[in-house]
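Summary of structural features
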Amino acid sequence: MHPARLGPYLIDRKIGAGGMGNVYLGRHDVTGQIAAIKELPAALAREEGFVLRFNREIEAMRKMNSPHIVKLYESGSDDAETYYYSMEYVDGETLSGRLRRERRIPWKEAVQLCLQICSGLKHAHDEGIVHRDLKPSNLLLDKNGTIKLTDFGVAQVFAAGRLTFTGAIIGTAEYMAPEQVDGRRTDRRSDLYSLGAVLYTMLVGRPPFSGGTAAEIMQKQRFGQFDAPRKFDSEIPSWLDDIVCQLLEKDPERRLPDAFVLSKRLQELLKKMELKHSTDESRSLSESGTRLDLAAAPRRFFDAILMRDLVKSQISSDEPETFFGRISNNIWVLVGMLLLVLGSVVWLWPTERSLDRDPPIVRSGQQSEADRIVQMARIRWKGGDAAGAQYLLKNLRAVIVSDADQFHFVRNIDRLLASIRNHRGTYQRAFIRTALDRAHRMMLEEREKADGIWRGIIQLYRDDSSLQDLVDEARSQLATLPTRSEEGEHSSIPAPW
Ligand SMILES: Nc1ncnc2c1ncn2[C@@H]1O[C@H](COP(=O)(O)OP(=O)(O)OP(=O)(O)O)[C@@H](O)[C@H]1O
Ligand SMILES: [Mg+2]
């Protein structure tokens, strides 16, 4: 049984139920406006401070006006026990409903939906409102494919209440940012984390972290690692993988800073993929030669050529033919020119794979400052100066890490740093080990020479932290010689600089 009326609304039917109460479809008895009306349970209304928080949040929500945020109409109470608020009725389904039916959403559509959510989120954040409970059931899809965010600020209304930790809102744990789990301060970046989890769910078909209990999921939000979406579907571009992973960073500082930057990154991704797609197509066209399979061409193609030829012949019958006219009349010359243009795009465009493999050295024919530093680091590394290469890369990283547009570049720097770390000292260690063993064999018969080896090792490698164990070994051997100290010997071999 549903109530016949809530405030001025005549209730038609119940359309849903959530952790906080029932949602009804109703009509305003004076204006006739259709609305979704959410009734809050009486137990909540009795909670201390609830009414104050409720009114404050409702006021904030009323300020928002975006096509991607469910519009709040009004709020009220029928008696001291029944609180409700009415909002725009979205004729469609929730994102969770769609995911239940289809499990996953193709990546391009997921990106388009995410762009719409970004638009709503940016608007709210600009108004100083953080959602705090962004999840598929709070995203409503209408029949035209528009997505709208709902329940803004509701989490805040209930945040201080004891009901927050009842089973009622346990589902939210899957989309909760680590700082929220920890009870630390939340801000717009917490919403970006939740949006990352929503995007992940759309791409993969399940949230990044799941578990038997809310506590288990929350623990994973804080410390767990998830598999990148591309692991489940190789169609997902690695650029999108990067964006999702950056949204799901545990540390808010490492996330994309806001919804606007996220939307720019998503738009850029779509453009890059479009270009990649067209260059792939032109590549396969050039691979099969300039031969066009006219038999396979769609009929409209011929219609267009025919129409063009008719118009042209009409014009050219009145004009003497020029050299360029002759060229442009030749379809094969035009196809050749098109291939030439596309070919140069393929040549100049750094492919996704090449970006993944190496930091780009030359971009658009101009060597950027960051490229130059990476190249210097590579030269140093190849020359055996791993410490110098790390020094350059770490400083470069520090300079560009806060620039969201450089995310790919930073990732490649991290990869390079990891390879240097993994290989660092491999050759040096073998070299030092051999010398130490030689010194050990000599120390009884030819002390002077052994002494020289240890001192040389200390001098050469004392600043390299990855080789400290070997340097310490040389030091302790040197200390067994009663007559000379390490420092005393420093001066006997002058440094070349
Ligand atoms: N503005 C609306 N227009 C149309 N249907 C709505 C609207 N708001 C809510 N609903 C429906 O009511 C259902 C319950 O929504 P409600 O927000 O109460 O629960 P929930 O989002 O699933 O969980 P939670 O209580 O954690 O927010 C939704 O799943 C949706 O089907
Ligand atoms: Mg909801």
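Check the entry above for the structure.
The rules we used
- Residues numbered from 1 in each chain as written.
- Chains lettered and ligands numbered in written order.
- Predicted model: local features only at pLDDT ≥ 70, side-chain atom pairs only at ≥ 80, totals over all residues.
- Helix = DSSP H or I, 4+ residues; strand = E, 2+ residues; numbered from the N terminus.
- Buried ≥ 20, exposed ≤ 12 C-beta atoms within 10 Å, placed from the backbone.
- Contact = placed C-beta atoms within 7 Å.
- Near = placed C-beta within 6 Å.
- Nonpolar A, V, L, I, M, F, W, Y, C, P; charged D, E, K, R; others polar.
- Pairing = 2+ DSSP bridges.
- Axes fitted to C-alpha atoms, helices over the stretch in contact; angles between N-to-C directions.

A word on the overall build of the protein
- Within the protein, the regular secondary structure consists of 21 helices and nine strands.
- Taking all 497 residues of the protein together, 28% fall into the buried category.
- Restricting to contacts in the protein with at least 6 residues of sequence separation, those with at least 24 account for 61%.

Notes on the site of ligand 1
- What surrounds ligand 1 is a group of 21 residues, the closest being Gly16, Gly18, Gly19, Ala36 and Ser137.
- Mapped onto the shell around ligand 1, the elements with two or more residues apiece are β2 (9-18) and β4 (34-40).
- Here the shell around ligand 1 gets four residues from one element, more than from any other, and that element is β2.
- Of the residues contributing to the shell around ligand 1, the split by class is 11 nonpolar, seven polar and three charged.

Focus on the sheet that holds strand β9 (residues 147-149)
- In spatial order, the strands read β7-β8-β9; together these three strands make up an open sheet with antiparallel pairing. The sheet is open, and its two edges are formed by β7 (92-94) and β9, each paired on a single side. Across the sheet, the mean angle separating the axes of adjacent strands is 25° when strand polarity is ignored.
- Summarising the sheet, strand β8 (residues 139-142) and β9 pair through three bridges and their orientation is antiparallel. Within β9, the residue paired with leucine 140 across the bridge is lysine 148.
- In the packing of helix α3 (residues 95-102) onto the sheet, the strands contacted are β7, β8 and β9, and the crossing angle to β7 comes to about 85°.
- Sitting on the sheet, helix α4 (residues 107-126) is in contact with β8 and β9, with an inclination near 35° to β9.

Describing unusual backbone geometry
- Of note, the phi angle at arginine 132 is positive, near 75°, even though the residue is not glycine.
- The residue arginine 132 is located in the loop between α4 and β8 in this model.
- At aspartate 151, a residue that is not glycine, the phi angle is positive and equals roughly 60°.
- Along the chain, the position of aspartate 151 falls in the loop between β9 and α5 (154-159).
- With 22 C-beta atoms counted inside 10 Å, the residue aspartate 151 sits in the buried group.

A closer look at the sheet that holds β2
- Strands sit in the order β1-β2-β3-β4-β6-β5 across an open sheet of six strands; the sheet is antiparallel. The sheet terminates laterally at β1 (5-6) and β5 (72-79), the two strands that pair on one side only.
- Bridge analysis of β1 against β2 gives two bridges, and the strand direction is antiparallel. The residue of β2 that forms the bridge with arginine 5 is leucine 10.
- Sitting on the sheet, helix α2 (residues 50-62) touches β5 and β6 (82-87), and the angle it makes with β5 is about 160°.

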